[in-house]
Amino acid sequence: MLPRKRFVVPAWVPALLLALAVVATGLGAAVPPAHAQDPYYRPWTLRNLFSPFFQRREPRYYEPPPGEMPPVRPRMPIKPKMHKAPEGAAKPHRVVPAEPPTPVVEKQADAKVVLVIGDFMGSGIAEGLTTVYAANAKVKVVDRSKGSSGFVREDYYDWPKQAGALIDAEKPSVVVVMLGSNDRQQMRVGNVSEAPRTEGWDKEYEHRAQALAKALTDKKVPFIWVGTPAFKFSKMTADMLAFNDVYRAAAEGAGAEFIDVWDGFVDENGTFVATGPDVDGQPVRLRSDDGINFTKAGKRKLAFYAEKPLNKILGVTNMPGPHSGGPNIPSPAQSHQKAAPVDRTPPISLNDPALDGDGELLGAQIGPKRGKPDPDTPSDKLLIQGIAPAASPGRADDFSSPAVAEPGPPPPMRTVAKPAAPDGAKAVAH
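> Can you help me understand the sheet that holds strand β3 (residues 174-178) in this one?
The strands making up a sheet are joined through hydrogen bonds of the backbone, oriented either antiparallel or parallel. Read across the open sheet, the five strands follow the order β2-β1-β3-β6-β7; overall the sheet is parallel. The open sheet has two edge strands, β2 (139-143) and β7 (257-259), and neither has a second partner. Taking the axes of each pair of neighbouring strands and ignoring which way they run, one obtains an average angle of 25° across the sheet. Pairing of strand β1 (residues 112-118) with β2 involves five bridges; the strand directions are parallel.

> I keep staring at unusual backbone geometry and nothing clicks. Help me out?
Apart from glycine, the bulk of residues carry a negative phi angle, and the bulk of peptide bonds sit in the trans form. In the Ramachandran plot, Lys171 falls in the positive-phi region, its phi being about 50° despite a non-glycine side chain. Looking at where Lys171 falls in the secondary structure, it is placed in the loop between α4 (159-170) and β3. For Lys171, a relative accessible area of 63% puts it in the exposed group. For Arg197, which is not a glycine, the phi torsion comes out positive at approximately 65°. Within the secondary structure, Arg197 sits in the loop between β5 (192-194) and α5 (199-218). Since its relative accessible area comes to 35%, Arg197 is described here as partly exposed.

> Just to check I follow, could you spell out the environment of Val114 for this structure?
The topology assignment puts Val114 in strand β1. A relative accessible area of 0% means that Val114 is categorised as buried. With sequence-adjacent residues up to four places away left out, Val114 is seen in contact with Val139, Lys140, Val141, Val142, Val174, Val176, Leu310 and Leu314.

> Please clarify how the pairing of strand β6 (residues 223-226) should be interpreted in this entry.
Strand residues, when the strand is regular, have side chains that alternate between the two faces of the sheet. Burial of β6 is two-sided: the residues Phe223 and Trp225 facing one way and the residues Ile224 and Val226 facing the other way are all buried. Both β6 and β7 contribute to a ladder of three bridges, which runs parallel. Each residue of the ladder has a partner; that of Ile224, found in β7, is Glu257. At this point the chain moves from β6, through helix α6 (residues 234-253), to the parallel β7, and the crossover so formed is right-handed.

> I tried to follow helix α7 (residues 296-314) on my own but got confused; where do I start?
Since one α-helical turn is 3.6 residues long, residues separated by three or four positions face the same way. The largest bend in α7 comes to about 40°, at Ala306, with the proline Pro309 one to four residues further on. Among the residues making up α7, those that are buried are Gly298, Lys299, Arg300, Lys301, Leu302, Ala303, Ala306, Glu307, Pro309, Leu310, Asn311 and Leu314. In the segment just after α7, Gly315 is the residue with positive phi, at about 70°.

> Which parts of the structure should I look at to understand helix α3 (residues 120-132)?
Taking 1.5 Å per residue as the helical rise, α3 with its 13 residues ought to reach 18 Å, and the 19 Å between its terminal C-alpha atoms agrees with that figure. Where the residues of α3 are buried, they touch β1, β2, β3, β6 and α7. Put simply, Asp119 is the residue that caps the front of α3, since its side-chain oxygen is 3.0 Å from the backbone nitrogen of Met121.

> Would you take a moment to explain empty space enclosed by the protein for this structure?
Tallied over the full model, the rule gives one cavity of 30 Å³ or more. Lining the largest cavity are Gly150, Phe151, Glu154, Tyr157, Asp158, Trp159, Pro160 and Arg208. Residues that form the lining of the largest cavity fall into these classes: four nonpolar, one polar and three charged.

> Please explain the confidence of the model for the protein as it appears in this structure.
When pLDDT is low, close inspection of the predicted coordinates is not appropriate. Summary statistics for the protein give a mean pLDDT of 77 and a share of 60% for residues scoring 70 or more. Per-element mean pLDDT across the protein ranges from 47 in helix α2 (residues 33-36) up to 97 in β3. Note that pLDDT drops below 50 for residues 322-331; the model gives that stretch 11 contacts with residues more than four away or on any other chain. The low-confidence segment residues 425-430 (pLDDT under 50) makes zero contacts with residues lying over four places distant or belonging to another chain.

> Could you clarify how one ought to interpret the nonpolar core in this entry?
Nonpolar side chains in soluble globular proteins tend to be buried together. Formed by 63 residues in total, the largest nonpolar core has its most connected members in Leu212 and Trp225. Sort the elements by how many residues they give to this core and α6 lands first, with seven residues. The contact partners of Leu212, leaving out residues within four places of it in the chain, are Ile117, Phe151, Trp159, Pro160, Ala163, Val177, Leu179 and Trp225.

> I would appreciate a short explanation of the pattern of salt bridges in the present structure.
A side chain with one charge may pair with a side chain of the opposite charge, provided their charged atoms come close. Counted according to the given criterion, the structure contains 16 salt bridges. With a closest N to O distance of 3.9 Å, Lys161 and Asp158 form a salt bridge. Here Asp158 falls in the buried class, since its relative accessible area comes to 12%. Between Asp239 and Arg197 there is a salt bridge, and its shortest N-O distance comes to 3.1 Å.

Basis of the calculations
- Throughout this description, residue numbers start from 1 for each chain and increase along the sequence as written.
- For a predicted model such as this one, the threshold for reporting local features is a pLDDT of at least 70, and the threshold for listing and counting side-chain atom pairs is 80 or more; totals across whole chains, interfaces and linings nevertheless cover every residue.
- The side-chain quantities take in all heavy atoms of the structure and omit both hydrogens and water.
- Being paired, for any two strands, means DSSP has found at least two bridges between them.
- Counting from the N terminus, the helices are DSSP H or I runs at least four residues long and the strands are E runs at least two residues long.
- Each axis is a line fitted through C-alpha atoms, taken for helices only over the stretch in contact, and angles between the N-to-C directions span 0 to 180 degrees.
- Each residue gets one of three labels from its accessible area relative to the maximum for its type: buried under 20%, exposed over 50%, partly exposed in between, using a 1.4 Å probe on protein chains only.
- Whether two residues touch is decided by their heavy atoms; if any such pair falls within 4.5 Å, the residues are in contact.
- Looking down the strands as they point away from the viewer, one classifies a crossover as right-handed if the path from the first strand across the helix to the second runs clockwise.
- One axis fitted to the seven residues ending at a residue, another fitted to the seven starting there: the angle between these axes is the bend at that residue.
- For a helix, the expected span equals 1.5 Å multiplied by the number of residues minus one.
- Counted as a polar contact is a pair of N or O atoms within 3.5 Å, where, for protein atoms, one must be capable of donating a hydrogen and the other of accepting one, and residues adjacent in sequence contribute only when both atoms are in side chains.
- Buried and open spaces are told apart on a 1 Å grid over the protein atoms alone, a cavity being a set of points where a 1.4 Å probe fits but cannot get out and a pocket being an open set with protein on both sides within 12 Å along at least five of seven lines. Residues with an atom within 4 Å of a point are the lining residues.
- Grid points are joined across faces, edges and corners, and a volume is the space filled by probe spheres set on the points.
- Three residue categories are used. Nonpolar comprises Ala, Val, Leu, Ile, Met, Phe, Trp, Tyr, Cys and Pro, charged comprises Asp, Glu, Lys and Arg, and polar comprises the others, including Gly.
- Every residue is assigned a pLDDT by the predictor, reflecting its confidence on a scale from 0 to 100.
- We call a set of buried Ala, Val, Leu, Ile, Met, Phe, Trp, Tyr and Cys residues a nonpolar core when their side-chain atoms join them within 4.5 Å.
- When a carboxyl oxygen of Asp or Glu lies within 4 Å of a side-chain nitrogen of Lys or Arg, that pair is called a salt bridge.

Quick look at the structure:
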């Protein structure tokens, strides 16, 4: 077996490769102008050694045509800096479109007076009633409420004592009472301060509510007592429910009407709501942000509950308007058109043996019958004797045999004459 020959690299090959590398490095140092203007940075690689011998590849990026520009992302607008207004400067107010003004007419000299007494809730319903009767010259609303008053602070304002003097001064036709929202506080009973809703506090509170009802009754003036609504705070709402029971008992005990407005300012679950339907059924803001006071729409809704009872007492019909709460339907007393007489016919008794045998038509003038009734009427024959009237000929219940016609003489025979033979013709024997 012959031994393999070992390949030996000539000594000049490494020297040649080193010389080529030096030459390639020198040529690569001279960068063409196009490469110098290339905005993209390309790091040096081993490929640069042979770049003079190979064609350079095109850059791998998209260059849009000269007339086409890439979409530019819009810049977000810069919000102007808000500078804090100096102290004492007037704050800008939001412009709210004004509501159409309510038509106001001049009240008559003998206009009936509606006197409103109570706390700040009474003031609210007085404003709503003023809007209701603004176009009615026969009704005038007088607001004599005290915003911070109630039954507890007699030292501030004593309603049972002051009510009589107010009635003497205003001479009202009816009084509207609405108060109690300020009474969730201690009450002085003799020399003792009773805490709210204790046994002594409740007994004295009922006594003072009854005293106000008696003061109004002694003046011989009708009145209505409007209950308190729900509030934003649950504890306050619970107390108002108890107060309404006291007001109802005091009003009904004096023969007055208690107006319950609770359902108008709560949802279907009995929870306080600040927004709800107004008198036209449109959702509006009824209560202010504090959950206690009323907005203009809320005051108008309060007045809506008292409007019908007041109209009944005053004997007036409110003028129709955009918030009249319904159409103005005149009462029967106001209608001058007389109703047409109704022609009534007495019913026919089932046990009347004559039934309709008298031959009178429906609606005819019924008078006394002369003589005895005919016993042979069709109804008597049918009901008493069991004889049915004869059926009309040809009717479905006419079972009589049809009449047979008698035979008549036979019809005459027809004779046909033979035609005569022509002249000169010979008879032919058959």
